[in-house]
Amino acid sequence: MSVEPFGKHVTIVVFGASGDLAKKKTFPALFGLFREGELPSTIKVIGYARSELSDADFKERISANFKGVNDSNKHKVDEFLNLCSYTQGQYDSAEGFKKLNEEMEKYEKDSGVDKPERLFYLALPPSVFVTVASHIKENAYTKTGEVRLIVEKPFGNDLESSRKLQKSLAPLFTEEELYRIDHYLGKEMVKNLVFLRFSNEFLNASWNKNHIKSIQISFKEAFGTEGRGGYFDDIGIVRDVMQNHLLQVLTLLTMERPVSIDPEAIRDEKVKVLKAFGELETDDILLGQYTKSEDGTKPGYLDDDTVKGDSKCVTYAALGMQIHNERWEGVPIVMRAGKALKESKVEIRIQFKEVAKGMFNDIQRNELVMRIQPNEAVYMKINSKIPGISAVPSVTDLDLTYSSRYSKEFWIPEAYESLIRDCYLGNHANFVRDDELDLSWKLFTPLLQHIESKDGPTPEPYPYGSNGPKNLRPFLSDHGYNFYDEGTYEWPLTTPNVKGKM
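Residues numbered from 1 in each chain as written. Predicted model: local features only at pLDDT ≥ 70, side-chain atom pairs only at ≥ 80, totals over all residues. Heavy atoms only, no water.

Colleague: What should I look at first to understand the nonpolar core in this one?
Modeller: As a rule of thumb, nonpolar side chains are buried together in soluble globular proteins. Within the largest apolar cluster, 146 residues are counted, with the highest numbers of intra-cluster contacts made by Phe15, Met321, Met370 and Phe444. Structurally, this core is a two-domain feature, drawing no fewer than three residues from each of domain 1 (10–152) and domain 2 (185–371 + 429–479). Beyond its immediate chain neighbours, meaning those up to four positions away, Phe15 contacts Tyr48, Tyr91, Phe97, Leu100, Phe120, Tyr121, Leu122, Ala123, Leu124, Val132 and Ile136. (Core = buried A, V, L, I, M, F, W, Y, C linked by side-chain atoms within 4.5 Å. Buried < 20%, exposed > 50% of the residue type's maximum accessible area, 1.4 Å probe, protein only. Domains from an automatic or database assignment. Contact = heavy atoms within 4.5 Å.)

And the structure:
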């Protein structure tokens, strides 16, 4: 279904406007789009929350995290804030929503709008999604124009709660009106996956079980829960980043070529490959929980006062996965994520099969690495002769590091900027569809039930600031990944700070 972009007179309402998500992500993203000319100066932005805030306090609060402001564009801050206003109201009462609707109608009347266009952003906890959505439909919905509703994750806690949420939202808003935001789908390197795969024949031709030996997607954070353990204890690393962020990346990495760049064509292929995923085996996992750092300066997870002393919450997980289709049958896939590790990095690592023996008996596999964050990059490890009189092969790489290739003036939108812009344009490609969400929870819920059961596995301890559980290396080796002597790797001058360690 083709959806037209919104026009020049759009009302954008941010629910939860006094919260951290709105303050740190939503409003800075809206300002970033305005700063770059991606939002017109004729829009209306309304913050809605329960807090008693003056208009001045509200604007001071949301502008504290604006980015990209310099002497040449600082006037944009005042221009954007002049488009903003604040409405105080409860989430479970019609009164505030009626007041909000009056404000929107006044703006639309003053702007000469015949068909209102309204974008509602729910920067709220999921416990109030349905309540707020119901009041929007009853008191702030336009029947003569168009409405789009952005819903933040988590979209449920498991398959049952996800289906309950879906069932509650479905009568209120159509699938075309709903935009389920997973901010990882807005990251530049994730959005680039479709182009890298399908617009480069040499990659597309080798993207299968005949050439690829193993696939890894890793998510590493160099910090722990830092006082938020009580919140994290009910979530765990699998639910926090693997069922959503990393699975979304994996579906883009493994789906078949869409028939077009149309959003629904892309989402159709993501759903198809999800249906081919094998069950997550409970004996093909590696679980960990971080302890105090070896030097004693960083606390362990259980040292957090907000965490139960006997908690078995998983702060590190590596999952073996299989896709049972013609392209991927037999290719081991590992998805791994953890907190309190040695570094913060998210990357895709694809290791290709060995070349035929004979001419080369001991030569490294090619690897394609796509670093999602920090410092976006795509590089391929290749074998090449050492320059000069030597006949010895060495590993170097073909390197596209964004910070080296593109000037600092080149604007690469942040994830929330990119996704709000997509919603404004009516592009669903980078948002999660209902059947896609259902399949993802269907895949992960049995594993989560096993991990979180009374007799579930005890996570392996690993020190804060380490590479993770000590059994990680053998786990990866068992899943087809070969480790080599890194001393043979000639790192390029364009990426002097990038380390090749796993």
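So much for the structure itself; the text now carries on.
Colleague: Just to check I follow, could you spell out unusual backbone geometry for this structure?
Modeller: Cis geometry marks the peptide bond from Lys153 to Pro154; its omega dihedral reads 10°. Here Pro154 shows up in the loop between strand 5 (146–152) and helix 6 (159–169). With omega at -10°, the peptide bond leading from Gln373 into Pro374 counts as cis. Relative to the elements of secondary structure, Pro374 occurs in the loop between strand 12 (367–373) and strand 13 (377–385). Here the phi dihedral of Ala340 falls at roughly 60°; this positive angle occurs in a residue that is not glycine. Here Ala340 lies in the loop between strand 10 (333–338) and strand 11 (345–352). On the basis of relative accessible area, Ala340 is assigned to the buried category, the value being 0%. Notably, Asn375 is not glycine yet its phi reads approximately 55°, a positive angle. Summarising the element assignment, Asn375 is placed in the loop between strand 12 and strand 13. We classify Asn375 as partly exposed; its relative accessible area is 34%. (Helix = DSSP H or I, 4+ residues; strand = E, 2+ residues; numbered from the N terminus.)

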